[in-house]
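Results of the structural survey
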Amino acid sequence: MTDKLVTIAEIEKARDALAGKVVHTPTVNSVSLSEMTGLPVFLKLEHHQTTGSFKLRGASNALSRLSTSEKQRGVVAASTGNHGRALAYAAHLEGVRAIICMSRLVPQNKVDEIRRLGAEIRIIGKSQDDAQEEVDRLVQESGLTMVPPFDNASIIAGQGTLGLEIIDAVPDVDTVLVPVSGGGLASGVAAAVKAKRSAAKIIGISMDRGAAMRASLDAGKPVLVEESESLADSLGGGIGIDNRFTFAMVRDLLDDLILLSEDEIAAGMAHAYMHEREIIEGAAAVGIGALLAGKIRAKGPVVAILSGRNVDMNQHRRIVCADINERAKPCPA
Ligand SMILES: *Cc1c(COP(=O)(O)O)cnc(C)c1O
């Protein structure tokens, strides 16, 4: 199994490759959460990363590892979310052609945004599976390189650079709270943090609606789950039945993987806005949400990763409004 784990050497190499290409985001003390928990709590403000999420780290690192001829042919992906945004931007910066495939059901504003970041868009079919078939075709017929969102050594190593920054900012960190979907972020962060500080604990957090990694850990192997809508939309999706890296890394390196309800996620978003003046998406709010819900037992400094900020602002406004009203009064649409 050890050959499937991404090493600290690969993560340190990624840090060198990313220097000057990604923002070294701040880690700040949270007065409100420290007071509430009685522990030093820090927030890693990764939602201020270029393109609005940590996904730029993995995408940039994956691009840096391509050969010259692979760069000349270009890259392709099916993600319409933060990975698609990050890959579009990173490829544009490197002068590499990027094609993002998406179905006709993807909202126009998402399509426009990814095009604006510099990618070519290919609209195909009616589902994510149709879009993925087009990706496979482009890989086969045009020799483009598929850059997957999480289950890839270069992606994991890139996300792991965030863990190195946490260790630099809080060398005595006791517990890191990390959002988990496919597990690329958690795998990289856990590998980096535990290599530098073996006593540190890594707690993964997912939403309780269709948490594929949690279900897979319970089953002892990657399994499919039914997807449902969540405030933490960036945490949706499976881990892949043929998962090669992140299932084993999460299983071996994380100390726990806990689940949050929609209300707990909403409370995290509202707290970030009202007490920290930070606008974050649902996926990024799970660390704060878990602390507010009293679901984290920790000794020393806690670091919560705020992983992204690509939220619909009307949805964000309704969540904050509902929180202020304690859900008593209806909020304006
Ligand atoms: C992708 C994403 C995650 C989850 O990352 P994985 O590597 O898939 O576990 C968490 N938060 C945000 C904002 C994301 O875009």
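Residues numbered from 1 in each chain as written. Predicted model: local features only at pLDDT ≥ 70, side-chain atom pairs only at ≥ 80, totals over all residues. Heavy atoms only, no water.

An unreviewed UniProt entry annotates the protein chain as Hydroxyectoine utilization dehydratase EutB of Phyllobacterium zundukense.

Here the focus is a nonpolar patch on the surface. The grouping of Tyr273, Met274, Ile279, Met313 and Ile324 at the surface amounts to a nonpolar patch, some 450 Å² of accessible area in total. Looking at the nonpolar patch, the elements that each hand over two or more residues are α12 (262-276) and α14 (313-324). Turning to its location among the elements, Met313 is positioned in helix α14. Looking at Met313, the relative accessible area reads 45%, which means it is partly exposed. (Patch = residues over 30% accessible without salt bridge, like charges linked within 9 Å, V, L, I, M, F, W, Y side chains within 5 Å. Areas by Shrake-Rupley, 256 points an atom, 1.4 Å probe, with all protein chains shown as cover. Salt bridge = Lys/Arg side-chain N within 4 Å of Asp/Glu carboxyl O. Helix = DSSP H or I, 4+ residues; strand = E, 2+ residues; numbered from the N terminus. Buried < 20%, exposed > 50% of the residue type's maximum accessible area, 1.4 Å probe, protein only.)

Pairing is mixed in the open sheet, where six strands are placed in the order β1-β2-β10-β7-β8-β9. Two strands close off the open sheet at either side, each with one partner strand: β1 (27-29) and β9 (256-260). Taking each pair of neighbouring strands and ignoring which way they run, the sheet shows an average axis angle of 25°. Pairing analysis gives five bridges linking strand β8 (residues 201-207) to β9, with the strands arranged parallel. Within the sheet, the bridge partner assigned to Ile205 lies in β9 and is Ile258. (Pairing = 2+ DSSP bridges. Axes fitted to C-alpha atoms, helices over the stretch in contact; angles between N-to-C directions.)

This part takes up the pairing of strand β4 (residues 98-102). For β4, the buried fraction is high: five of the five residues fall into the buried class. The two faces of β4 match: Ala98, Ile100 and Met102 on one face and Ile99 and Cys101 on the other face are all buried. Where strand β3 (residues 75-77) lies against β4, three bridges are found, and the strand directions are parallel. Considered in β4, the bridge of Val75 is made with Ala98. Pairing geometry for β4 and strand β5 (residues 120-123), over four bridges, is parallel. Of the residues in β5, the one forming a bridge with Met102 is Ile123. Taken together, β4, helix α6 (residues 108-116) and β5 constitute a β-α-β crossover, and its handedness is right-handed. (Right-handed = clockwise from strand over helix to strand, strands pointing away.)

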